[in-house]
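As a plain string of letters, each chain reads:
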Amino acid sequence: MSNIIRTLMIQTPSVPGNLGRVATAIGRVGGDIGEVETVKVGHNYTRRSITVQVESEEQLEELLDAVRSLDGITLHTVSDEVLHAHEGGKIQMKSKMKIETLADLRRVYTPGVANVCMAIKEQPEKAKIYTSISNTVAVVTDGTAILGLGNIGPVAGMPVMEGKAALFDQLTNINAIPILLDVNSPEEIIQTVKNISPGFGGILLEDIGSPHCFEVEERLKKELDIPVMHDDQHGTAVVTLAAAISACRSAGVNLKQARVGQIGLGAAGIAICRMLMAYGVESVVGADKSEEAKDRLRSYGGETVDSLEELMEQSDIVIATTGVPGLIKKEWVQKGQIILALSNPKPEIEQEDALEAGAIYATDGRSVNNVLGFPGIFRGVLNAGVRDITHKMLVAAAEAIANSTKPGDLVPHPLNVNVHEAVAEAVERAAVQSDVKKNVYQ
Ligand SMILES: NC(=O)C1=CN([C@@H]2O[C@H](COP(=O)(O)OP(=O)(O)OC[C@H]3O[C@@H](n4cnc5c(N)ncnc54)[C@H](O)[C@@H]3O)[C@@H](O)[C@H]2O)C=CC1
Ligand SMILES: CC(=O)C(=O)O
Ligand SMILES: [Mg+2]
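Quantities reported herein were computed from a predicted structural model and do not represent experimental measurements.

Trainee: Go over the UniProt feature "binding site: a divalent metal cation" (unreviewed entry) in the protein chain, please, and point to the residues and values.
Mentor: The UniProt feature table records "binding site: a divalent metal cation" (unreviewed entry) at Glu-206, Asp-207 and Asp-232. Despite a sequence span of 27 residues, these residues sit close together in the fold, their greatest C-alpha distance being 6.5 Å. Of note, Asp-207 is situated in the loop between β7 (202-205) and α9 (212-223). A residue is classified by how much of its surface remains accessible, and Asp-207, at 2% relative accessible area, is buried. Not counting residues within four places of it along the chain, the set of residues in contact with Asp-207 comprises Thr-141, Asp-142, Gly-143, Thr-144, Ala-145, Ile-146, Leu-147, Val-160, Met-161, His-230 and Asp-232.

What follows is the structure, given as structure tokens:
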């Protein structure tokens, strides 16, 4: 998978064939060309911005040297668009009100606001009407398992949290606020989240590593009156179930009778196994380098094996969430296997390698990603005004995603708002049908 993205500003003589020379030079060193945009056409030259993707700094240097060595062609600048796009951060808090006159000021702020405060003091449920609380979700991390990058700390994890917040806003119109916790124990996470919870309609726990994520989520679900979900567990499990349903539909396989092998039994892996077993998959086997993680799966009724080769040999569907790029060797892949290598930013096996080795379907964490789950799940529970996110709601979300998937694909396009609406509706329907507790604002 290409991981480094750069934009090159290249000037060529306005003679046919020169863009082709540039493309060939890039292709020869294994660079992948993305967007090409003509920026300026001079009387005898053309300047274009060309986006390229490569896998390493060395390959990037090779690519730049190859372009620079082309006769008559000038490489003006090399820029990192991804870094550039992050300058100043990705989200902002904006007022919904225009405050232009003193009358506005008195209505929005003091003295007018005091009456609203007192109305809420007398009837706390009015906070739902007169504040943004019920449409605001905290995206909480302690930075201990940021993607597959490990324990890089909460501040380094902020770009991921801002990304989740931006997606909440764009896909389901939910305000999301990243909360970075500089703490060292589950108890401190729990107490801090409890202390800030009055300002939120829901809590999305993100990239909190295992095993402490399990205790944190379980306790917060019990002790708070608002919905709490650990995205890496349940958001991921929902999307994985959806992808497994779609793959089995296309391949004509009965998912419940298939043997599923899960590599990596951390936050994502354990939740995926529990979700599949609760859905009715009879045979789930897991592998992890940690004995504690394997014990956990067995405690939920799953089987474990000691070697990855053994798991690969036995499984119709293989799911991997270890954070270890390239962990699955091509020679382990069985003919006709379905392989979901979901680690970000790099998968356990590249899609093309898995397909080349005989997999019938293969994909990675860019496509099968919890972005298809968490926005709609929260929109659904916030709309229903319920406190608990139940297994039934999560299965409804997975089925909505699978039913929105085009034949032959494993999941739908992540930016299709209709899909997120379908997930929200399915979750809300499941919520109102079940006997789940209403939250404090209902
Ligand atoms: N596509 C998606 O939507 C999502 C992908 N992920 C990805 O899954 C990966 C793991 O995330 P979490 O479960 O949150 O982390 P985690 O740290 O809770 O779990 C990782 C597990 O993998 C195991 N592991 C590590 N190296 C191993 C090896 N060589 N062999 C066997 N087991 C090994 C660890 O012992 C641990 O149990 C990350 O790369 C993350 O980006 C996580 C959530 C969502
Ligand atoms: C997508 C996501 O949440 C992760 O890779 O951790
Ligand atoms: Mg995550």
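After that view of the structure, there is still more to cover.
Trainee: Give me the nonpolar core: which residues, what numbers.
Mentor: Residues Phe-168, Ile-203, Leu-255, Ile-377 and Phe-378 are the most contacted members of the largest nonpolar core, which totals 91 residues. Top element by residues in this core is helix α10 (residues 231-251). It accounts for ten residues. Sequence-distant contacts of Leu-255, defined by excluding residues within four places in its chain, comprise Leu-241, Ala-244, Ile-245, Cys-248, Tyr-279, Val-281 and Ile-317. Of all hydrophobic cores here, the second largest spans 19 residues; its members include Val-318, Val-333, Ile-339 and Ala-359.

Trainee: Which residues make up the packing of helix α11 (residues 267-279) against helix α16 (residues 391-403), and what values go with them?
Mentor: It is at 11 Å that the axes of α11 and α16 come closest, and there the two elements cross at 90°. In terms of axis orientation, α11 runs roughly perpendicular to α16. Mapping the contact onto sequence places Met-275, Ala-278 and Tyr-279 in α11 and His-391, Leu-394, Val-395 and Glu-399 in α16. When the residues that make up the contact of α11 with α16 are grouped by side-chain class, the tally is five nonpolar, one polar and one charged.

Trainee: Break down the coordination of the magnesium ion (ligand 3) for me, citing the residues and quoting the values.
Mentor: On the protein side, the magnesium ion (ligand 3) has Glu-206 (OE), Asp-207 (OD) and Asp-232 (OD) as donor atoms, found 2.0 to 2.1 Å from it. Linear spacing of the donor residues for the magnesium ion (ligand 3) on their chain is E-D-x24-D.

Trainee: I'd like a description of the side chain of Glu-162, backed by residues and values.
Mentor: Secondary-structure assignment places Glu-162 in helix α7 (residues 158-172). Those residues in contact with Glu-162 that lie beyond four places of it in its chain are Gly-89, Lys-90, Ile-91 and Pro-178.

Trainee: Outline a nonpolar patch on the surface, supporting the account with residue identities and numerical values.
Mentor: On the surface, Met-97, Ile-99, Leu-102, Leu-105 and Tyr-109 cluster together into a nonpolar patch covering about 510 Å² of accessible area. Looking at the secondary structure, you find Leu-102 in helix α4 (residues 102-108). On the basis of relative accessibility, which here comes to 53%, the residue Leu-102 falls in the exposed class.

Trainee: So what's going on with the site of ligand 1? Which residues, and what values?
Mentor: Taken together, 24 residues lie around ligand 1, and Ser-210, Ala-267, Ala-268, Asp-288 and Asn-370 are the ones closest in. The contact in question runs from a nitrogen atom of ligand 1 to an N or O atom on the backbone of Leu-342, over 3.2 Å. A distance of 3.3 Å is found between an oxygen atom of ligand 1 and a side-chain nitrogen or oxygen belonging to Ser-343. For ligand 1, whose unbound accessible area comes to 850 Å², protein coverage reaches 87%. Among the secondary structure elements, those contributing two or more residues to the shell around ligand 1 are α10 and α11. Looking at the shell around ligand 1, its residues break down into eight nonpolar, 13 polar and three charged.

Trainee: Tell me what's going on with the environment of Leu-415, and back it up with residues and numbers.
Mentor: Position of Leu-415 among the secondary structure elements: in the loop between α16 and α17 (417-433). We classify Leu-415 as partly exposed; its relative accessible area is 45%. Spatially, the C-alpha atoms of Leu-415 and Val-371 are 8.9 Å apart, while their sequence positions differ by 44 residues.

Trainee: With reference to specific residues and values, describe a negative patch on the surface.
Mentor: A grouping of Glu-309, Glu-310, Glu-313 and Glu-331 is seen on the molecular surface, where their side chains present a negatively charged patch. Mapped onto the elements, Glu-309 comes out in helix α13 (residues 308-314).

Trainee: Which residues make up the site of ligand 2, and what values go with them?
Mentor: All residues in the neighbourhood of ligand 2 are listed as Leu-147, Lys-164, Glu-206, Asp-207, Asp-232, Asn-344, Asn-369 and Asn-370. A distance of 3.0 Å is found between an oxygen atom of ligand 2 and a side-chain nitrogen or oxygen belonging to Asn-370. When isolated, ligand 2 has an accessible area of 220 Å², and the protein chains bury 85% of it. Within the shell around ligand 2, the residues separate by chemical class into one nonpolar, three polar and four charged.

Trainee: Describe the layout of surface pockets, naming the residues involved and giving the relevant values.
Mentor: Of the pockets and cavities examined, the second largest pocket occupies roughly 840 Å³. Of all the secondary-structure elements, those providing two or more residues to the lining of the second largest pocket are α6 (127-130), α7 and β6 (175-180). Looking at the lining of the second largest pocket residue by residue, the class counts come to 13 nonpolar, eight polar and four charged.

Trainee: If you had to explain the sheet that holds strand β4 (residues 74-79) to someone new, which residues and values would you point to?
Mentor: Taken together, four strands build an open sheet; the order of strands is β2-β3-β1-β4 and the sheet is antiparallel. The open sheet terminates on both sides in strands that have one partner only, identified here as β2 (32-41) and β4. This sheet shows a mean twist of 20° between the axes of neighbouring strands, independent of strand direction. With seven bridges joining them, β2 and strand β3 (residues 45-54) adopt antiparallel strand pairing.

Trainee: Give me the sheet that holds strand β9 (residues 259-263): which residues, what numbers.
Mentor: Spatially, the six strands line up as an open sheet ordered β11-β10-β9-β12-β13-β14, and their pairing is parallel. One side of each edge strand has no neighbouring strand; the edge strands of this open sheet are β11 (303-304) and β14 (361-364). Bridging between β9 and strand β10 (residues 283-287) involves five bridges; their strand directions are parallel. What sits directly across from Arg-259, in β10, is Ser-283.

Definitions and cut-offs
Residues numbered from 1 in each chain as written. Chains lettered and ligands numbered in written order. Predicted model: local features only at pLDDT ≥ 70, side-chain atom pairs only at ≥ 80, totals over all residues. Heavy atoms only, no water. UniProt positions renumbered as here; feature names shortened; annotations may be inferred. Helix = DSSP H or I, 4+ residues; strand = E, 2+ residues; numbered from the N terminus. Buried < 20%, exposed > 50% of the residue type's maximum accessible area, 1.4 Å probe, protein only. Contact = heavy atoms within 4.5 Å. Core = buried A, V, L, I, M, F, W, Y, C linked by side-chain atoms within 4.5 Å. Axes fitted to C-alpha atoms, helices over the stretch in contact; angles between N-to-C directions. Parallel < 35°, antiparallel > 145°, perpendicular 65-115°, else oblique. Nonpolar A, V, L, I, M, F, W, Y, C, P; charged D, E, K, R; others polar. Donors = N, O, S within 2.8 Å, 3.2 Å for Na, K, Ca; no water. Patch = residues over 30% accessible without salt bridge, like charges linked within 9 Å, V, L, I, M, F, W, Y side chains within 5 Å. Areas by Shrake-Rupley, 256 points an atom, 1.4 Å probe, with all protein chains shown as cover. Salt bridge = Lys/Arg side-chain N within 4 Å of Asp/Glu carboxyl O. Near = heavy atom within 4 Å. Polar contact = N/O pair within 3.5 Å; in protein donor to acceptor, adjacent residues only side chain to side chain. Lys, Arg positive; Asp, Glu negative; His and termini not counted. Charge placed at Lys NZ, Arg CZ, Asp CG, Glu CD. 1 Å grid on protein atoms, 1.4 Å probe; cavity = no way out; pocket = protein on both sides within 12 Å on 5 of 7 lines; lining within 4 Å. Points joined across faces, edges and corners; volume = space filled by probe spheres on them. Pairing = 2+ DSSP bridges.

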